[in-house]
Amino acid sequence: KTPSQTYRTSFHFQPPKNWMNDPNGPMVYKGLYHLFYQYNPLGPDWGNIVWAHSTSTDLVNWTPHKPGIFPSQKKGDINGCWSGSATMLPGGVPAILYTGINPQNQQVQNLAKPANLSDPYLIDWVKDTNNPLMYPTPANRLNSSSFRDPTTAWKGPDGHWRVLIGNKVNRRGRAILYRSKDFVHWIQAHHPLHSAEGTGMWECPDFYPVSSSIRPGKNTGLDTSVIGVGVKHILKVSLDDTKHDVYTVGKYDISKDVFTPDKGAVEGDAGLRYDYGKFYASKTFYDSLKGRRILWGWINESLSKEDYISQGWSGVQGIPREIWLDKSGKQLIQWPIPEIEKLRGKKVGLAGKLLKAGSTQQVAGVTASQADVDVSFSVQLSELKKADYLDQTRRPDAQLLCSQKDASIKGGLGPFGLKVLASKDMKEYTAVFFRIFKVKNNKYKVLMCSDQSRSSINPRPDKTPYGVFLDVDPLHEQLSLRTLIDQSIVESFGAKGKACITSRVYPTKAIGDAARLYVFNNGIANVAISNMSAWSMERALLDKKS
Ligand code: DQQ
């Protein structure tokens, strides 16, 4: 591998070269999955943006096509085709609404439809001659540089389509609502569907129903227009200021077209995130083939601009995640699509093994640079008592705790977990681990960290550790961790998908066959590995010929 290829992924989606950012218009059409994405055909940095396009039968292997949408309409998009979404119109006709950059560099919204509905690959797209359909005017006073990223539209019982556009006024983030009868003529509603002070620009909003009646083993997803009893709604926004995808669970009143976050829901950067690491501008779609909702998200670089430019490419997509409402009704659960498991090759396993205080054990026999690891830990009551006390009166910050206490700092209970992409001399490793704390009223609090502070001896990449508190009870539940390792990506799912952290790392020694995988326990208490499976992962075909 040349240096520019060292960090390329084997099963996370990426184009052969150049810049990629947001996933766009994901959908299923005639049994094929479509993914479009923001792409620079001319180089590894952001610019010249088109909608690059790939299709797949399984969401794992992908066939590239020519860009589906690219600047071509003077009034609508001559200076760029930015993010947007697909909607299935009656009769199974896909329609794409996207942001175009017009000759005055204003952000406007356009419509495109397939040129040939009998082509399952949907290679050619035709733009509506009425474009742009939504645009800033003196009357609506919308700021032309903060008006972008249409959602998938949904249809109300009144037969009217509704769509959201990201916006801000000063520091107030807003989800502007438009309505239409024919999908071409759109009228701005008097009020945004929702807004929140102090949150800054809302990019790439996403708004969809989730089922609140969870049946075991059946993670039913809902199509975007579903409303009614047993349905809650999720509003996700991408916060431009902090580059975090945050969401709230709430109620959508379609008669007033208002979304109200549930009581206690936190809005803005302190709210719930899809991922506590690198994951941005994400978008869900309803997979009608399997009755589930799937989330795509962009994993950006931790390299400096200079370094990703010399590497010749930038940006990766996370593994598509199934997404559904947790039984608490308070948060989402996310889990890698099961299709990814067909890339699993050689497996090593462990069960019922004590991971003694202070021990580190290599997991040999798998390709540690390209692996899927699923481990669950359990802690006995006698050991739980050794947990350190955490004072919650000053609202501890998870990310800060993870950077103050890295994997080398001994605690009462933990750190314990995985060291991935580790070099033999341990000069490089990324630690994904838990710490359990005692809090008031005989309760426990679990911290999950993805710490890349020692991931590389190269001082240049950003190595800020990430962290989150998990809503689990270690006294009655096992503590699970699933980590997908792919050359320069460490994508982790804590507590069966209650919290996710994705890290981008650039080791110099722990690459290819030289990378190692360990389980470790650097706490004073013992923990048990109730179960562990680790698989070498095969390479996906990301550039498959059709
Ligand atoms: N990326 C697009 C915008 C969007 C931003 C431009 C989010 O439409 O707001 O490439 O990453």
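Residues numbered from 1 in each chain as written. Predicted model: local features only at pLDDT ≥ 70, side-chain atom pairs only at ≥ 80, totals over all residues.

Caption draft 1: How the structure looks around the overall build of the chain. Regarding its fold elements, the chain presents 4 helices and 38 strands. Here the C-alpha atoms of the chain give a radius of gyration of 23 Å, agreeing with the 24 Å that 2.2 N^0.38 yields for 546 residues. In terms of its C-alpha atoms, the chain occupies a principal-axis envelope of roughly 70 × 55 × 40 Å. Counting the 546 residues in the chain, one finds 51% classified as buried. Within the chain, counting contacts between residues at least 6 apart in sequence, those at least 24 apart form 64% of the total. (Helix = DSSP H or I, 4+ residues; strand = E, 2+ residues; numbered from the N terminus. Rg over C-alpha atoms; globule rule 2.2 N^0.38 Å. Buried ≥ 20, exposed ≤ 12 C-beta atoms within 10 Å, placed from the backbone. Contact = placed C-beta atoms within 7 Å.)

Caption draft 2: Layout of the site of the ligand. Surveying the vicinity of the ligand reveals 13 residues, the closest of which are Gln38, Trp82, Ser83, Glu203 and Ala281. Of all the elements in the fold, those that place two or more residues in the shell around the ligand are strand E1 (18-29), strand E5 (81-89) and strand E15 (202-211). Per-class residue counts for the shell around the ligand are 4 nonpolar, 5 polar and 4 charged. (Near = placed C-beta within 6 Å. Nonpolar A, V, L, I, M, F, W, Y, C, P; charged D, E, K, R; others polar.)

Caption draft 3: Fine view of the nonpolar core. The biggest cluster of nonpolar side chains holds 148 residues, and the ones touching the most others in it are Ala371, Val420, Leu421, Met448 and Leu517. Each of two domains, domain 1 (3-336) and domain 2 (340-537), supplies a minimum of three residues to this core. For Val420, the residues in contact, after removing those within four places along its chain, are Ala368, Thr430, Val432, Thr483, Ile485, Val490 and Leu517. (Core = buried A, V, L, I, M, F, W, Y, C linked by C-beta atoms within 7 Å. Domains from an automatic or database assignment.)

Caption draft 4: Main features of the sheet that holds E1. Pairing is mixed across the open sheet formed by 5 strands, whose spatial order is E4-E3-E2-E1-E22. A strand with exactly one partner marks an edge of an open sheet, and here the two such strands are strand E4 (63-69) and strand E22 (313-314). Pairing geometry for strand E2 (residues 32-40) and strand E3 (residues 50-56), over 7 bridges, is antiparallel. Bridging across to E3, Tyr33 finds its partner in Ser56. (Pairing = 2+ DSSP bridges.)

Caption draft 5: How the structure looks around the environment of Trp82. Turning to its location among the elements, Trp82 is positioned in strand E5. Look at Trp82 and you get buried, because 26 C-beta atoms sit within 10 Å. C-alpha of Trp82 to C-alpha of Arg148: the two residues are 66 residues apart in sequence and 8.0 Å apart in space. Setting aside anything within four residues of it in sequence, one finds Trp82 in contact with Gln38, Ile49, Tyr98, Thr99, Ile101 and Arg148.

Caption draft 6: Structural detail: the UniProt feature "domain: Glycosyl hydrolase family 32 C-terminal" (unreviewed entry) in the chain. According to UniProt, the "domain: Glycosyl hydrolase family 32 C-terminal" (unreviewed entry) feature falls on residues 339-536. The straight-line gap between the two end C-alpha atoms of residues 339-536 is 15 Å; of that span, 6% is helix and 49% is strand. (UniProt positions renumbered as here; feature names shortened; annotations may be inferred.)

Caption draft 7: Structural view of the domain arrangement of the chain. Each assigned domain of the chain is listed here: domain 1 (3-336) and domain 2 (340-537). One C-alpha centre belongs to domain 1, the other to domain 2, and the line joining them spans 31 Å. No other element matches strand E25 (residues 332-336), which puts 4 residues into the side of domain 1 that touches domain 2. In terms of residue class, the side of domain 1 that touches domain 2 is made up of 13 nonpolar, 10 polar and 6 charged.

Caption draft 8: Examining unusual backbone geometry more closely. Following Asn131, the chain continues to Pro132 via a peptide bond in cis, the omega torsion being -5°. For the bond from Gly414 to Pro415, the omega torsion is 10°, close enough to zero to count as cis. The topology assignment puts Pro415 in strand E30 (residues 413-422). A positive phi angle, near 55°, is found at Asn442, a position not held by glycine. Tracing the backbone through its elements, the reader meets Asn442 in the loop between strand E31 (430-439) and strand E32 (443-451).

Caption draft 9: Local environment of the pairing of strand E33 (residues 466-470). Here E33 lies mainly inside the structure; 4 of its 5 residues are buried. For E32 and E33, the ladder comprises 5 bridges, and the chain directions are antiparallel. Residue pairing in the sheet places Ser450 in a bridge with Tyr466 of E33.

Caption draft 10: Quick look at the sheet that holds strand E28 (residues 370-378). In spatial order, the strands read E26-E38-E28-E34-E35-E36; together these 6 strands make up an open sheet with antiparallel pairing. Sheet topology places strand E26 (344-355) and strand E36 (499-504) at the edges, where each strand pairs with a single neighbour. Sheet twist, expressed as the mean angle between neighbouring strand axes with direction ignored, is 10°. (Axes fitted to C-alpha atoms, helices over the stretch in contact; angles between N-to-C directions.)

Caption draft 11: Here's a closer look at the pairing of E15. With 9 of 10 residues buried, E15 is to be regarded as a mostly interior element. Note: E15 against strand E16 (residues 231-239), 8 bridges, orientation antiparallel. Among the inter-strand pairings, Val210 is bridged to a residue of E16, identified as Lys232.

Caption draft 12: Expanded view of the environment of Lys347. Counting through the fold element by element, Lys347 comes out in strand E26. Considered as a pair, Lys347 and Phe285 are 62 residues apart in the sequence and their alpha carbons are 32 Å apart. Residues in contact with Lys347, not counting those within four places in the same chain, are Ser533, Ala534 and Trp535.

Caption draft 13: Region of the structure containing the environment of Pro114. Following the sequence through the fold, Pro114 ends up in strand E7 (residues 107-114). The class of Pro114 is partly exposed, set by 19 C-beta atoms lying within 10 Å. Filtering out sequence-adjacent residues up to four positions away, Pro114 remains in contact with Pro94, Leu122 and Trp125.

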